[in-house]
Amino acid sequence: MKLFFLRPWHVLLGSLACSIFICSSCLLSQDKHPVPSVQDTETQAQRDARMGWWRDARYGMFIHWGLYAVPAGTWNGKPTSGAGEWIMHDEKIPVADYQQLPQQFNPTEFDAHAWVSLAKAAGMKYIVITAKHHEGFAMFDSKANAFNIVSSTPFKRDPLRELAIECQKQGIKLGFYYSQDQDWTAPGGAAFDGHWDKAQDGDFAAYLHTKAIPQLKELLTNYEPYPAIIWFDTPTEDMTPQLASEIVSVLNQHPNLIWNNRLGGGYQGDTETPEQQIPPQGFPGKDWETCMTINDTWGFKANDTSFKSTETLLRNLIDIASKGGNYLLNVGPDAHGVIPSAEADRLRAIGKWLDTNGEAIYGSGPTAFGDEDGSYSQTEKDRDGKPLWVPRWDWRSTTKPGKIYIHIFKWPSEPFHLEKVPGQISKVYLLADPKHKPLKFTQNGSALNVSLPKQPLDPLATVLVLQKKH
Ligand code: FHN
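Treat the numbers as computed from the prediction; the structure is a model and nothing was measured.

Cut-offs applied
Residues numbered from 1 in each chain as written. Predicted model: local features only at pLDDT ≥ 70, side-chain atom pairs only at ≥ 80, totals over all residues. Heavy atoms only, no water. Phe/Tyr/Trp six-rings, centres within 6.5 Å; stacked < 30°, edge-to-face > 60°. Helix = DSSP H or I, 4+ residues; strand = E, 2+ residues; numbered from the N terminus. Buried < 20%, exposed > 50% of the residue type's maximum accessible area, 1.4 Å probe, protein only. Lys NZ or Arg CZ within 6 Å of the ring centre and 35° of its normal. Near = heavy atom within 4 Å. Polar contact = N/O pair within 3.5 Å; in protein donor to acceptor, adjacent residues only side chain to side chain. Areas by Shrake-Rupley, 256 points an atom, 1.4 Å probe, with all protein chains shown as cover. Nonpolar A, V, L, I, M, F, W, Y, C, P; charged D, E, K, R; others polar. Disulfide = S-S within 2.5 Å. 1 Å grid on protein atoms, 1.4 Å probe; cavity = no way out; pocket = protein on both sides within 12 Å on 5 of 7 lines; lining within 4 Å. Points joined across faces, edges and corners; volume = space filled by probe spheres on them. Pairing = 2+ DSSP bridges. Axes fitted to C-alpha atoms, helices over the stretch in contact; angles between N-to-C directions. Salt bridge = Lys/Arg side-chain N within 4 Å of Asp/Glu carboxyl O.

### Here's the deal with the packing of aromatic side chains
Within this structure, the stated rule accounts for 23 aromatic pairs. Here Tyr-376 and Trp-389 contribute two aromatic rings whose centre-to-centre distance is 4.8 Å and whose plane-to-plane angle is 70 degrees, an arrangement assigned as edge-to-face. Taken together, the positions of Tyr-376 in strand β10 (residues 374-381) and Trp-389 in strand β11 (residues 387-391) put the pair 13 residues apart, joining distant regions of the chain. For Trp-389, a relative accessible area of 18% gives the class buried. Geometry around Tyr-362 places Lys-125 over its ring, the cationic atom sitting 4.3 Å from the centre. Directly above the ring of Tyr-429 sits Lys-427, whose terminal nitrogen or CZ lies 4.7 Å from the centroid.

Quick look at the structure:
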């Protein structure tokens, strides 16, 4: 069996080295789909209406939470090197042993109100949580399979239901990640590099029919008005066009649903999903979302403290928005149900910036200045052996009708000079200035010079607004 993706530690090793998810959807054309998906048949206007809220959102919370939070990156006293949620695979833990973990999983500090409030305070507009990751453990009340949080833990509660209620109260969209293909505890579920326990052997189609599809139906019907998103992952060759089409028939019954490009079987889905990287020029004309860890793991690892700085995370959000994409930033709650404070603190700091500057992010369009500013390294190579693209981190731009936003990272010496400004500018001001006091500027054709104050209003990023003449 072959997987169409790279392993998490290809991503995690080597700072921001990239793992590009290579979607099997590239291999087949849409007209070969045994069952056409909503995406194949809808008009552009229907698609725009369906994707509208998601495009405006720009920023969401990914939550990887499952049984792997119990070992938290240590097995038999030994720290593991891979991502936390891959511990069963990496340590070749027998199914019977792994199935003992639910007895130790009692996350009594889980508080849906606190999690959703954190997402809101962070300025995030949607949440995508792992309903079932590759370990095969359902984090919801499933009648289809007893290996789930309600039936097999002392906790007995359904966190997805509690989150759905809370998300509705607080007006935030909720989506479910579902590992449809890899399932290491279900007979027949795929596993990267093959099975390590006889208990995993079985028929993939039978696994889909008895577990994955019934559970997807549960997720799609038991949490209304959610899920707004189904986030698939790691398709293998086992997911034939025929089998994928059975899933698509189910998805098609929920025509407002958004689902990503990782189902397999040749389906494109709605969104491109670069992982742990920001493509230099985005995906022009496509909906796309970079998913990324805050530290080096998706699922909680007690020893992983290599957290990205608030500055890096905020720059990533702005950079992604400037290329027309969304940022799905991951948190990994622990086995008590708590989102680590190092993660929460960073999210709140970004939320504070968004409180003032959100206008330049939410519902914004990509840069008005063409390709990202940067240059190819003379010495360093990217993963394809080509010269590494080194972006310049001076500023980024987003747009709205009648406005150009310049997010300045590196505060310039006066005057701030811009080339290739489209249109006539009538007013220039700083978004964080409550009075929006006009700044002095001169425009000569498409060249603009702006007199800025000596200091930035926010050292993380200060947004300059160029208002266009009507
Ligand atoms: O194997 C998973 C990994 O654990 C994590 O869920 C990420 C998130 O995009 N997806 C897979 C790797 O591509």
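That was the structure; now back to the text.
### Overview of the site of the ligand
The ligand sits among 15 residues. The nearest are His-64, Glu-85, His-133, His-134 and Asp-233. Here an oxygen atom of the ligand sits 2.9 Å away from a polar atom, N or O, in the side chain of Trp-86. His-133 is positioned such that a nitrogen or oxygen atom in its side chain is 2.8 Å from an oxygen atom of the ligand. Considered on its own, the ligand offers 330 Å² of accessible surface; in the complex 99% of this is hidden by protein. Taken together, the residues of the shell around the ligand sort by class into seven nonpolar, four polar and four charged.

### A look at the state of the cysteines
Tallied over the entire structure, the rule returns zero disulfides. Take Cys-167: it sits in no disulfide, and the sulfur closest to it among the cysteines is that of Cys-291, at 19 Å.

### Some details on empty space enclosed by the protein
All chains considered together, the criterion is met by two cavities of 30 Å³ or more. The volume enclosed by the second largest cavity comes to roughly 30 Å³. Forming the walls of the second largest cavity are Trp-54, Ile-229, Trp-231, Ile-258, Trp-259, Asn-260, Thr-271 and Glu-289. Secondary structure elements with two or more residues in the lining of the second largest cavity: β6 (229-232) and β7 (258-259).

### Observations regarding the sheet that holds strand β16 (residues 441-444)
Strand order across the open sheet formed by three strands is β14-β17-β16, with antiparallel pairing between neighbours. Every interior strand has two partners, whereas the edge strands, β14 (416-418) and β16, have only one. Pairs of neighbouring strands in the sheet enclose a mean axial angle of 10 degrees, with direction left out of account. Where β14 lies against strand β17 (residues 447-450), three bridges are found, and the strand directions are antiparallel. Within the sheet, the bridge partner assigned to Leu-418 lies in β17 and is Leu-448.

### Quick notes on the environment of Pro-279
Along the chain, Pro-279 falls in the loop between β7 and β8 (289-292). For the pair Pro-279 and Lys-468, spaced 189 residues apart in the sequence, the C-alpha separation amounts to 29 Å.

### A closer look at the pattern of salt bridges
Per the stated rule, a full pass over the model turns up 24 salt bridges. Between Arg-47 and Asp-270 there is a salt bridge, and its shortest N-O distance comes to 3.2 Å. One end of the pair, Arg-47, is in helix α3 (residues 44-57); the other, Asp-270, is in the loop between β7 and β8, and 223 residues separate them in sequence. Across the pair, exposure class does not vary: Arg-47 and Asp-270 are buried alike. Across the pair Asp-48 and Arg-55 runs a salt bridge, and its minimum N-O distance is 2.9 Å. One network of salt bridges, in which partners are shared, links Glu-42, Arg-47, Asp-48, Arg-50, Arg-55, Asp-270 and Asp-287.

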